[in-house]
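A look at the structure
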Amino acid sequence: RKHDTRRRCIGAISGAHHASSLLDLLFSIYRLQLAIAKPPAMGDKSKIADRKSKGLCHGLDENIERSGAVGAGGGRPGPVQALRFECLIADGKAGHCCVRKNVGGKLYSLNYDRVCAANVDPIEKKPLFHFLPGSRSFSIAAPGCNFRCEFCQNWQISQSALETGRIDGEALPPEQIVEAAVRSGCKSIAYTYTEPTVFMELAADCARPAREQGLANVFVSNGYLTPEAIDFAADWLDGINVDLKAF
């Protein structure tokens, strides 16, 4: 069942004529990245929150109501992880991506209401091959990334939280983002420019009403995410372009 779910999730990857082989490729990349990446130490282990419920990055539990108690709001504690670093975050500390914070045993998204880019792009810019060809995609981003690529072309927004401690952006409700996409004549919403898995909560809240409006949802991602995150997004993510970060 999970295999079929993940296949649906990545079925629109560029050139997706053979979903099973692409699935194997995606998980080969995942295993390679897992082998070369080492999760950072996140403070005194004696102070680390309980792994199952309090401080495991990133929380995606849909039954938790959001709270605006910390900075940019959007808190959503939960046991499902989005990124392979799976940071254990001490109380009062942020994770490797610098946009998740453990406050009193609850994990908060610091970039949920910090949209830092919104543009109308051709879908081919993502790039996605034979996916709604010739259409336009409403493309958004929030600050942050789980990678530290020296060659990043969008480093001003992907690395700002790490380098300056600032998480800048505008509060745009998901409904407003979907309305803007429809109004601009787009056929999809792309979560791109930075790393969509670090603003997974915002992406999910946009994607579901977008589907109701007939819009597709696509990621431009480094692919360094967990099987749980793939399952989480399977019902609303229509395509993903996994960039290789090795050049």
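Preceding block: the structure.
Structure report, in brief.

Further remarks concern the packing of helix α5 (residues 174–183) against helix α6 (residues 200–212). Here α5 crosses α6 at 50°, and the two axes come no closer than 9 Å. With respect to each other, α5 and α6 are oriented oblique. Along this stretch, α5 crosses α6, giving a crossing that reads as right-handed. In contact with P174, I177 and V178 of α5, α6 contributes L202, D205, C206, P209 and A210. Along the lines of polarity and charge, the residues of the contact of α5 with α6 split into seven nonpolar, no polar and one charged.

Once that is clear, we can look at α5. The periodicity of an α-helix, 3.6 residues per turn, causes residues three or four positions apart to be oriented the same way. For α5, the set of buried residues is P174, I177, V178, A180 and A181. On an axial view of α5, the arc spanned by its buried residues comes to 160°, and they lie on one face. Contacts made by the buried residues of α5 are with β4 (136–141), β5 (188–191) and α6. Phi turns positive one or two residues past the end of α5, at G185, with a value near 80°.

What follows concerns the packing of aromatic side chains. One pass over the full model with this rule turns up four aromatic pairs. With centroids separated by 5.5 Å and ring planes inclined at 50°, the aromatic side chains of F147 and Y224 adopt a geometry described as tilted. With F147 in the loop between β4 and α3 (155–158) and Y224 in the loop between β6 (216–221) and α7 (227–233), this pair connects stretches of sequence that are 77 residues apart. Each member of the pair, F147 as well as Y224, is classed as buried. Each ring, one from F232 and one from W236, has its centre 6.1 Å from the other, and the planes form 85°; the classification is edge-to-face. Following the ring pairs from residue to residue traces out a cluster consisting of Y191, F219, F232 and W236.

With that out of the way, let us pick up the environment of C152. Mapped onto the elements of the fold, C152 is located in the loop between β4 and α3. For C152, a relative accessible area of 21% gives the class partly exposed. In this structure, the C-alpha to C-alpha distance between C152 and T194, residues 42 residues apart in sequence, is 9.3 Å.

Okay, the sheet that holds strand β3 (residues 117–122) next. Across the sheet, which stays open at both edges, the five strands sit in the order β3-β4-β5-β6-β7 with mixed pairing between neighbours. Two strands bound the open sheet, and with one partner strand each, they are β3 and β7 (239–242). When strand polarity is set aside, the average angle formed by the axes of neighbouring strands in this sheet is 25°. Two elements, β4 and β5, share four bridges in a ladder whose sense is parallel. Counterpart to I140 in the pairing with β5 is Y191. Together, β4 and β5 form the strand contacts of α5, whose direction differs from that of β4 by roughly 155°. This element, α6, spans β4, β5 and β6 of the sheet and lies at about 155° to β6.

So, on to the pairing of β5. Taking every second residue as pointing to the same face, both faces of β5 are buried, with S188 and A190 on one and I189 and Y191 on the other. As paired strands, β5 and β6 are joined by four bridges and run parallel to one another. Looking at the pairing, Y191 lines up with F219 of β6. Assessed by its sense of winding, the connection that carries the chain from β5 through α6 to β6 is right-handed.

Definitions and limits used
Residues numbered from 1 in each chain as written. Predicted model: local features only at pLDDT ≥ 70, side-chain atom pairs only at ≥ 80, totals over all residues. Heavy atoms only, no water. Axes fitted to C-alpha atoms, helices over the stretch in contact; angles between N-to-C directions. Helix = DSSP H or I, 4+ residues; strand = E, 2+ residues; numbered from the N terminus. Parallel < 35°, antiparallel > 145°, perpendicular 65-115°, else oblique. Left-handed = near helix turned anticlockwise from the far one by under 90°. Contact = heavy atoms within 4.5 Å. Nonpolar A, V, L, I, M, F, W, Y, C, P; charged D, E, K, R; others polar. Buried < 20%, exposed > 50% of the residue type's maximum accessible area, 1.4 Å probe, protein only. Arc of directions from axis to C-beta. Phe/Tyr/Trp six-rings, centres within 6.5 Å; stacked < 30°, edge-to-face > 60°. Pairing = 2+ DSSP bridges. Right-handed = clockwise from strand over helix to strand, strands pointing away.

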